[in-house]
Amino acid sequence: MRSLLNFLLRNKTLILFLLMEGVALFMLSSSHNYHQTVVSNSARSISGILTERLEIGRSYFMLKRINRELVQENIALRKRLEYLTAEEESSFITLTDTVTGTGYSYLDARVVNNSINRQKNFITVNKGRRDGVTSGMGVACSQGVLGIVVGVSQNYSVAMSLLNIDFHLSASMANNDYFGSLSWDGKKYRYAQLSEIPHHVTVEQGDTIVTSGYSAIFPAGLMIGRLTGDQKKGGDFITLTIELSPDFKRLTNVHIIGNLYRNERDRLEEEAVNE
């Protein structure tokens, strides 16, 4: 209380001036219609500005609730969309490879888990045994080859990623059909290596690398990547560095590839080897 009294005593002149100014303004605004109108308009203007600022503040604090409602609405719409398209997505589409004449089946799937920072990486998708997926099927996307299915449950499949040091695939150079073995060295996720290419083969930076069709997993001509120009010589062959076309950090939608005649081919080749 004493502090308040000391404050009033120190500023008594200013306080008295403000009181007298207020009384003067009140008397002035009350004595003439013009002044009343000006004061009234000013008050309404100030009130409007304050109301607008308060509304902006209230809207800002409501953003969290609005975002939560939008997320819930998006989830509901996604579930509805999945319900409407479930029957269409649950079956394979059959196509024939015009190069080899072999029939392949294609099933759309969505990536639910994926890794790129290990020596042995895997990709999990939301289609499994009930959708007709079996081990040994290929996995690819619109940009190129991704991996091979190695495990299947009722509703999910796990594929060995191309970014796995145990992954090997027959790949060829699109411009001359020379083929070699594609693998990953466990280092940079955007690059793989194509080995067993003869020394005399002419290679250039930017040359396209595709699946050879020699494996029973992928049809011929699927995109893998492009040559970077880096090469390592050793023995009778050279090893080329490939910049992979798919970005494994951005995988969402993929398709699972099944060779309709794979069992027949495998049996025949096994019989030939055993003989």
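Description of the structure in this document. Here the structure is a predicted model, which is why all the values come from computation and not from measurement.

What counts and how
Residues numbered from 1 in each chain as written. Predicted model: local features only at pLDDT ≥ 70, side-chain atom pairs only at ≥ 80, totals over all residues. Heavy atoms only, no water. Helix = DSSP H or I, 4+ residues; strand = E, 2+ residues; numbered from the N terminus. Buried < 20%, exposed > 50% of the residue type's maximum accessible area, 1.4 Å probe, protein only. Salt bridge = Lys/Arg side-chain N within 4 Å of Asp/Glu carboxyl O. Phe/Tyr/Trp six-rings, centres within 6.5 Å; stacked < 30°, edge-to-face > 60°. Core = buried A, V, L, I, M, F, W, Y, C linked by side-chain atoms within 4.5 Å. Contact = heavy atoms within 4.5 Å. Expected span 1.5 Å × (residues − 1).

**Thoughts on unusual backbone geometry**
- Here the phi dihedral of Asp 177 falls at roughly 70°; this positive angle occurs in a residue that is not glycine.
- With respect to the secondary-structure elements, Asp 177 resides in the loop between strand E7 (169-173) and strand E8 (179-183).
- We classify Asp 177 as exposed; its relative accessible area is 58%.
- The phi dihedral of Glu 196 falls on the positive side, at around 70°, and the residue is not glycine.

**Here's the deal with the pattern of salt bridges**
- Under the counting rule described, the total for this entry stands at two salt bridges.
- Salt-bridge contacts for Asp 166 lead to Lys 120; the nearest nitrogen and oxygen are separated by 3.2 Å. With Asp 166 in the loop between strand E6 (157-164) and E7 and Lys 120 in strand E3 (residues 120-125), the pair connects residues that are 46 residues apart, well separated along the chain.
- Lys 120 gets classed as partly exposed once you look at its relative accessible area, which sits at 40%.
- For Asp 247, the salt bridge identified is with Arg 190, shortest N-O distance 3.9 Å. Within this pair, whereas Asp 247 is found in the loop between strand E12 (237-244) and strand E13 (253-259), its partner Arg 190 is found in the loop between E8 and strand E9 (191-198), the two being separated by 57 residues in sequence.
- Under the relative-accessibility criterion, Asp 247 is labelled partly exposed at 21%.
- With a relative accessible area of 22%, Arg 190 lands in the partly exposed category.

**Things to note about the packing of aromatic side chains**
- Enumeration over the complete set of coordinates arrives at one aromatic pair.
- Measuring from centroid to centroid gives 4.9 Å for Phe 179 and Tyr 214, while their planes differ by 85°, and the two rings are edge-to-face. Of this pair, Phe 179 sits in strand E8 while Tyr 214 sits in the loop between strand E10 (208-211) and strand E11 (223-234), and the two are 35 residues apart along the sequence.
- The exposure class of Phe 179 is partly exposed, given its relative accessible area of 42%.

**Quick word on the nonpolar core**
- The biggest cluster of nonpolar side chains holds 44 residues, and the ones touching the most others in it are Leu 182, Leu 194 and Phe 248.
- For Leu 194, the residues in contact, after removing those within four places along its chain, are Ala 171, Met 173, Gly 180, Ser 181, Leu 182, Ile 209, Ile 238, Thr 239, Leu 240 and Ile 242.

**A look at helix H4 (residues 262-274)**
- For H4, with 13 residues, the first-to-last C-alpha span of 18 Å sits near the 18 Å given by 1.5 Å per residue.
- The buried fraction of H4 amounts to zero of the 13 residues, a small share that puts the element mostly on the outside.

Note that all results are geometric; they support no functional claim without further evidence.
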